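Structural characterization, general
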Amino acid sequence: MNIIEAKDYDEICKIAANYIARQLIAKPCSTLGLATGSSPIGVYDRLVDYYNDGLIDFSGSYTFNLDEYVGLGRAHRQSYYYYMKKKLFNKINIPRDHIHIPNGLSKDSDKECMCYDECIRARGGIDLQLLGLGHNGHIGFNEPSSKFSGGTHKVALSDSTRRANARFFAEKSEVPSEAYTVGIKTIMQSKSIIMIVSGRDKRDILSRVINGEVDPRVPATVLQLHPFVTIIADKEALSK
Ligand code: GLP
């Protein structure tokens, strides 16, 4: 694992955006794996700046988001589709049909998951995957479990994840109890991965991810096995 210590959140975002920009400049038809949550917001802001400055062009790129809540439609303000449109897609020149996010309203979950994996495969896999880190070690919505997951699947969200994400909803009871997520195998098949982690509240879990045993009960520990992972974290998150 390559670990970069940034001085603060702003520097994390700059470094992560530079990785993505470099990927797009080197390979304009790159397939990017994208994340939601609070952590990537500053990364997307910077990518929009780079795009406006003419440094990067998204017209040939493809994106696959990690996850989506089951039961939320694309127009729902807390859906990840809505988040991505607002924070990034509406501000750049990516063709709409190059954007992929699981459909939270799909009537056929198995088909939804199969098609998602098939689409990623058809693109030749993810070139660069951006990840955040959940407080219980989840990546995407791959919650702690007795074994690592395979491809895209439907998950029941843990109570701690629903509590953590309640801040985006009026109340916790509104947080969906299920989500679609790409699997650990899908994430591990990415050619390279960057994980961004900020803040003191992530120090315990980040320490386990870096120093602990590889263990599906802390899903992000699997990243120790990937040869091209870079963790970009601030001093606070790395303080343990
Ligand atoms: C959510 C998302 C994850 C994200 C995690 C951490 O549960 N599904 O993809 O990485 O939360 O979010 P944050 O960056 O807000 O701490």
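Structure report, in brief. It should be emphasised that the depicted structure is a prediction, and the values quoted were computed from it without experimental measurement. (Residues numbered from 1 in each chain as written. Predicted model: local features only at pLDDT ≥ 70, side-chain atom pairs only at ≥ 80, totals over all residues. Heavy atoms only, no water.)

A short note on the site of the ligand
Put simply, the test is: Near is defined per residue: the residue qualifies when any heavy atom it owns lies within 4 Å of the molecule or strand. Polar contact is defined as a pair of N or O atoms within 3.5 Å, subject to the rule that within protein one atom must be able to donate a hydrogen and the other to accept it, and that residues adjacent in sequence are counted only when both atoms are side-chain atoms. Residue type decides the class: Asp, Glu, Lys and Arg count as charged, Ala, Val, Leu, Ile, Met, Phe, Trp, Tyr, Cys and Pro as nonpolar, and the leftover types, Gly among them, as polar.
In the region of the ligand, 14 residues are neighbours, and S38, S39, D67, R167 and K202 sit closest. For the ligand, a nitrogen atom lies 2.8 Å from a polar atom in the side chain of D67. For the ligand, an oxygen atom lies 2.7 Å from a polar atom in the side chain of R167. Of the residues belonging to the shell around the ligand, the class tally is three nonpolar, eight polar and three charged.

Digging into the pairing of strand β10 (residues 229-234)
How we decide: A simple rule labels every residue: compare its accessible area, found with a 1.4 Å probe on the protein chains alone, to the largest value its type can have, and call it buried under 20%, exposed over 50%, or partly exposed in between. Think of it this way: any DSSP run of H or I at least four residues long counts as a helix, any run of E at least two long counts as a strand, and we number them from the N terminus. At least two DSSP bridges between two strands are required for those strands to pair. Crossovers are described as right-handed under a simple rule: with the strands pointing away from the observer, the path leading from the first strand over the helix to the second runs clockwise.
In terms of residue burial, β10 counts as a mostly covered element, since six of its six residues are buried. Judged by which residues are buried, β10 turns out to be covered on both faces: V229, I231 and A233 on one side and T230, I232 and D234 on the other are all buried. With five bridges connecting them, strand β1 (residues 2-6) and β10 associate as parallel partners. Residue pairing across strands places A6 opposite D234, the latter belonging to β10. The handedness of the strand β9 (residues 192-197) to β10 crossover, carried by helix α7 (residues 203-211), is right-handed.

Focus: the packing of aromatic side chains
Each aromatic ring pair is characterised by the separation of its centres together with the angle its planes make. For the record, the criterion: Stacked, tilted and edge-to-face are the three classes assigned to paired rings of Phe, Tyr and Trp, where Trp is represented by its six-membered ring and a pair needs centres within 6.5 Å; plane angles under 30 degrees give stacked, over 60 edge-to-face, the rest tilted.
By the definition in use, this model includes seven aromatic pairs. Each ring, one from Y69 and one from F169, has its centre 5.7 Å from the other, and the planes form 80 degrees; the classification is edge-to-face. Within this pair, whereas Y69 is found in strand β4 (residues 67-69), its partner F169 is found in the loop between α5 (159-165) and β8 (178-181), the two being separated by 100 residues in sequence. With respect to class, Y69 is no different from F169; both count as buried. Centre to centre, the rings of Y80 and F141 are 6.0 Å apart; their planes meet at 20 degrees, and the pair counts as stacked. With Y80 in helix α3 (residues 80-87) and F141 in the loop between β6 (128-131) and β7 (153-156), this residue pair connects regions lying 61 residues apart in the sequence. By relative accessible area, Y80 is classed as buried at 10%. Members of the aromatic cluster, connected to one another through ring pairs, are Y69, Y80, Y83, F141 and F169.

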